[in-house]
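# What the coordinates show
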Amino acid sequence: MTEASNATLKHLRIWQQNLNRSGIAQHSLLHGPHSANWDIFALQEPHVRPNGNTISSPKFYTVYPSTHLSNPNLTPRAALLVSTTLSTNIWHQIPFPSPDVVVIQLTTATGKTTLINVYNDGDSHD
């Protein structure tokens, strides 16, 4: 896959998965034989290292909840990994006031697409 521009990006390939904080599952996803087939990984409960960051790869930009730096004591429960083949000129993060939500907007040949990745613990109504 070559670097996409807004004139050529016609399809987004998104993989969504709850990793249950498993480092093994996350490594397998990122370094498996099919990882290059996806433009975006929408992760819930990613593995988070003691420094508060998740595991990624040089092939992906890591997008944390916009509250990640202002609330370093909260472990991120959602993250997006955006392929480096998608030009940073065609997407940007949209701030959202929750540590469990990551939002990006992409501009493609067909218009704007907003991707919202939400972690829902199932016990809360927020």
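One can find the structure itself at the top, above this paragraph.
Below, the structure is looked at part by part. (Residues numbered from 1 in each chain as written. Predicted model: local features only at pLDDT ≥ 70, side-chain atom pairs only at ≥ 80, totals over all residues. Heavy atoms only, no water.)

## A look at the pattern of salt bridges
If you walk through the whole model with that rule in mind, you get two salt bridges. Taking the shortest distance from any N to any O, the salt bridge between arginine 13 and aspartate 39 comes out at 3.1 Å. Note that arginine 13 is positioned in the segment before β1 (14–18) and aspartate 39 in the loop between α1 (23–31) and β2 (40–44), a separation of 26 residues in sequence. Residues aspartate 100 and arginine 77 are paired through a salt bridge, measuring 2.7 Å at the closest nitrogen-oxygen approach. With aspartate 100 in the loop between β5 (91–93) and β6 (101–108) and arginine 77 in the loop between β3 (60–63) and β4 (78–83), this pair connects stretches of sequence that are 23 residues apart. (Salt bridge = Lys/Arg side-chain N within 4 Å of Asp/Glu carboxyl O. Helix = DSSP H or I, 4+ residues; strand = E, 2+ residues; numbered from the N terminus.)

## Quick look at the nonpolar core
Grouped together as the largest cluster of nonpolar side chains are 15 residues, with contacts concentrated most on Ile40, Val63, Leu80, Val82, Leu86, Trp91 and Ile104. Of all the secondary-structure elements, those providing two or more residues to this core are β2, β4 and β6. With near-sequence residues (within four places) excluded, valine 82 lies in contact with Asp39, Ile40, Lys59, Phe60, Tyr61, Val63, Trp91 and Ile104. (Core = buried A, V, L, I, M, F, W, Y, C linked by side-chain atoms within 4.5 Å. Buried < 20%, exposed > 50% of the residue type's maximum accessible area, 1.4 Å probe, protein only. Contact = heavy atoms within 4.5 Å.)

## Observations concerning the sheet that holds strand β7 (residues 111–118)
A sheet is described by the order of its strands in space; here three strands give the open sequence β5-β6-β7, paired in antiparallel fashion. Only two strands of the sheet have a single partner each, and these edge strands are β5 and β7. When strand polarity is set aside, the average angle formed by the axes of neighbouring strands in this sheet is 20 degrees. Pairing analysis gives eight bridges linking β6 to β7, with the strands arranged antiparallel. Along β7, the bridge assignment pairs valine 101 with valine 118. (Pairing = 2+ DSSP bridges. Axes fitted to C-alpha atoms, helices over the stretch in contact; angles between N-to-C directions.)

## Observations regarding the sheet that holds β2
Pairing within the open sheet is mixed, and its four strands lie in the order β1-β2-β4-β3. Since the sheet does not close on itself, it has two edges, and those belong to β1 and β3, each with one partner. Each adjacent strand pair in this sheet contributes to an overall mean axis angle of 20 degrees, direction not counted. Taken together, the four bridges between β3 and β4 define a ladder with antiparallel strand orientation. Note on β4: the bridge partner recorded for tyrosine 61 is valine 82. Against the sheet, α1 engages β1, β2, β3 and β4, with an angle of about 170 degrees to β2.

In short, geometric facts, not functional conclusions.
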